[in-house]
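Chains, contacts and geometry: an overview
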Amino acid sequence: MSDAKVIPFGEEPRSKRRSRRGGTGRTHRAAAPLAPVPQPREERRSAGPQEPVERPAAASGGSPSAAGPGWERRLAHGLEFLRRRITGDYEVDEFGFDRELTDQVLMSALRPLYEKYFRVEVRGVENIPEKGAALVVANHSGTLPVDGLMLQVAVHDHHPAGRHIRMLAADLVFALPVVNEISRKLGHTLACAEDAGRLLERGEVVGVMPEGFKGIGKPFSERYRLQRFGRGGFVSTALRAGAPIVPCSIVGAEEIYPMVGNSKTLARLLGLPYFPLTPTFPWLGPLGAVPLPTKWTIQFGEPVPTDGYPPEAADDPMLMFNLTDQVRETIQHTLYKLLVQRRSVFF
């Protein structure tokens, strides 16, 4: 049997596993012992209990039954998961969030992109509280909203409490047939104050990218320059819920699709906010939609508390403006700092 330990399906994520050093692969044959002297039947009967005989391990690559109980547990776990999906014996919350499917399937599908392709480095994730509500505010970039997915994997895999972040998404996300279903299963919901408030009241971690389409659709020449954060609606929502605001800065997403142009005519025909033109898209067809393998860094800043304000503070426009500007400046300053520290876009 091989030394490798088989990890059951759906257990600890790969970014939290510790590697184990296997054996040398060499076997040593001991000299054959001398044959024991036969004892009388009475002496053998009174000799006491015998030590169990250790059976030789089966060679690797044998039958599936030789893989041991770990393989059997993994198979049983997978079959039980399929049974629950077929029979509908699983829980989905009022927003469509499917925790089991997210943990065992969707995160596993996103993790290779997160770990191997973008090689995301996470800093300060402990600034998100281990329990209770929190609002994570991040910059938005990259032509396609891949940064929101990578942010979700970062919190899920690296937070000490393994929390889920519920991302707020634009209307367009829920108008697309397949994307709509996957987003709901991942826990995304509409970017409105009502849904965000309900999630915060339930003690969830909510993620918002206030730049919206202005952030992901800006030209490459304006990379890492934050756009306007709207009218501060996210601050009002956090104040009403008394939830801390955690600034988040993402470096690396700006370069995955360098947007050098925007075809406004095609965008109007297709009903899109913009139609990106990059060095590879649409000139190379589907191949041009492959993102560049940039090196990412996601840093969570110190939380901004909101529980010390009176209830009427949520309707104070000057307070909302000041807090919005404070969060925006924190994210922008951290972006510049990370860019200075970065040695290369790809390494």
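Calculation rules
Residues numbered from 1 in each chain as written. Predicted model: local features only at pLDDT ≥ 70, side-chain atom pairs only at ≥ 80, totals over all residues. Heavy atoms only, no water. Helix = DSSP H or I, 4+ residues; strand = E, 2+ residues; numbered from the N terminus. Buried < 20%, exposed > 50% of the residue type's maximum accessible area, 1.4 Å probe, protein only. Contact = heavy atoms within 4.5 Å. Areas by Shrake-Rupley, 256 points an atom, 1.4 Å probe, with all protein chains shown as cover. Axes fitted to C-alpha atoms, helices over the stretch in contact; angles between N-to-C directions. Parallel < 35°, antiparallel > 145°, perpendicular 65-115°, else oblique. Left-handed = near helix turned anticlockwise from the far one by under 90°. Nonpolar A, V, L, I, M, F, W, Y, C, P; charged D, E, K, R; others polar. pLDDT = per-residue confidence, 0-100. Core = buried A, V, L, I, M, F, W, Y, C linked by side-chain atoms within 4.5 Å. Salt bridge = Lys/Arg side-chain N within 4 Å of Asp/Glu carboxyl O.

1. So, the overall build of the protein chain
Helix and strand counts for the protein chain come out as 10 helices and 9 strands. Looking at the 347 residues of the protein chain, the share that counts as buried comes to 41%. Taking contacts inside the protein chain between residues at least 6 apart in sequence as the whole, the part at least 24 apart equals 77%. Carbon and sulfur atoms make up 57% of the accessible area of the protein chain, which amounts to about 20800 Å² in all.

2. Some remarks on the packing of helix H3 (residues 99-117) against helix H4 (residues 146-158)
As a packed pair, H3 and H4 sit with axes 10 Å apart at the nearest point and diverge in direction by 110°. Classified by the interaxial angle, the pair formed by H3 and H4 is roughly perpendicular. For the pair H3 and H4, the sense of crossing is left-handed. Contacts from Asp103, Met107, Leu110, Arg111, Leu113 and Tyr114 of H3 reach H4 at Val146, Leu149, Met150, Gln152, Val153, Ala154, His156, Asp157 and His158. Taken together, the residues that form the contact of H3 with H4 break down as 9 nonpolar, 3 polar and 3 charged.

3. Some remarks on the confidence of the model for the protein chain
Detailed reading of the predicted model is not advised wherever pLDDT is low. Chain-level statistics for the protein chain give a pLDDT mean of 83 and a share of 80% at 70 or above. The low-confidence segment residues 1-67, where pLDDT is below 50, has 36 contacts with residues more than four positions distant or belonging to other chains.

4. Side note on the nonpolar core
Ranked by size, the top nonpolar core spans 32 residues in total, and within it Leu151, Trp296 and Phe300 carry the most contacts. Among the elements of the structure, H3, strand S2 (134-138), H4, strand S3 (165-169), strand S6 (245-251) and strand S9 (297-300) are those that each provide at least two residues to this core. Examining the composition of this core, we find that 6 residues originate from one element, H4, more than from any other. Ranked by size, the runner-up nonpolar core spans 30 residues in total, among them Phe234, Ala313, Met320 and Leu338.

5. With respect to the side chain of Ser141
Tracing the backbone shows Ser141 in the loop between S2 and H4. Classification of Ser141 as buried rests on a relative accessible area of 1%. In this structure Ser141 touches Asp147, Gly215, Ile216, Lys218, Ala253 and Glu254, once residues within four positions along its chain are discounted.

6. Quick word on the pattern of salt bridges
Taken as a whole and assessed by the stated rule, the structure comprises 21 salt bridges. Asp93 serves as the salt-bridge partner of Arg202, at 3.6 Å between the closest nitrogen and oxygen. Highlighted residues: Arg202 in the loop between helix H6 (193-201) and strand S5 (205-208) and Asp93 in the loop between helix H2 (69-87) and H3, separated in sequence by 109 residues. Members of the salt-bridge network, linked through shared partners, are Glu80, Arg83, Arg84, Arg85, Asp89, Asp98, Glu100 and Lys185.

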